[in-house]
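This is what each chain is made of:
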Amino acid sequence: MSKFGMTAKLVAHTGQRDTLLDIMLEAAQAMEAADGCELYAINVDEADPDSIWIMEIWRDADAHAASLKLESTRAVISKGRPFIANMAGTQLKVVGGFGV
């Protein structure tokens, strides 16, 4: 197995996490139709009222790159960008585990 994974932390502007969360849940729905997307999970950090964590698993890096060119992805990025104060992400090689 050589799948592509990403983990990202989005930090919303103070008091804007719920708005950003709704937008990211829209993104997750759009990923259901993205070729090669196997997991797109949206999580909140209950100890940090401004943070959202996203976990993604893709068939490969090319499928992920192609998803960034989709109009639905570009629209969600544009919609969410004003609510993001900071973000960081890590690309991962998925090597195994339950459910993968």
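Before reading further, recall that the structure is shown in the block above.
Residues numbered from 1 in each chain as written. Predicted model: local features only at pLDDT ≥ 70, side-chain atom pairs only at ≥ 80, totals over all residues. Heavy atoms only, no water.

Peer 1: Explanation requested: the environment of Ala-12 in the structure shown.
Peer 2: Secondary-structure assignment places Ala-12 in strand E1 (residues 3-12). As for Ala-12 and Gly-80, which are separated by 68 residues in sequence, their C-alpha atoms are 9.4 Å apart. In contact with Ala-12, not counting residues within four places along its chain, are Arg-17, Leu-20, Asp-50, Phe-83, Ile-84 and Ala-85. (Helix = DSSP H or I, 4+ residues; strand = E, 2+ residues; numbered from the N terminus. Contact = heavy atoms within 4.5 Å.)

Peer 1: What is the right way to look at the nonpolar core in this model?
Peer 2: Taken as a class, soluble globular proteins show a tendency for nonpolar side chains to be buried jointly. Formed by 20 residues in total, the largest nonpolar core has its most connected members in Met-24, Tyr-40, Ile-42, Ile-52, Ile-54 and Trp-58. Among the secondary structure elements, those contributing two or more residues to this core are E1, helix H1 (17-31), strand E2 (37-44) and strand E3 (51-58). Of all the elements, H1 adds the most residues to this core, at seven residues. With sequence-adjacent residues up to four places away left out, Trp-58 is seen in contact with Lys-3, Phe-4, Met-31, Ala-34, Asp-35, Gly-36, Cys-37, Glu-38, Ala-63, His-64 and Ser-67. (Core = buried A, V, L, I, M, F, W, Y, C linked by side-chain atoms within 4.5 Å. Buried < 20%, exposed > 50% of the residue type's maximum accessible area, 1.4 Å probe, protein only.)

Peer 1: What exactly am I supposed to notice about the layout of surface pockets here?
Peer 2: Over the atoms, a rolled probe matching the size of one water molecule traces out where space is still vacant. Its volume calculated, the largest pocket comes out at about 510 Å³. Lining the largest pocket are 23 residues, and of these Met-24, Tyr-40, Leu-68, Ile-77 and Met-87 sit closest to its centre. Within the residue set of the lining of the largest pocket, elements represented by two or more residues are E1, H1, E3, helix H2 (61-67), helix H3 (71-80) and strand E4 (84-94). When the residues that make up the lining of the largest pocket are grouped by side-chain class, the tally is 16 nonpolar, five polar and two charged. (1 Å grid on protein atoms, 1.4 Å probe; cavity = no way out; pocket = protein on both sides within 12 Å on 5 of 7 lines; lining within 4 Å. Points joined across faces, edges and corners; volume = space filled by probe spheres on them. Nonpolar A, V, L, I, M, F, W, Y, C, P; charged D, E, K, R; others polar.)

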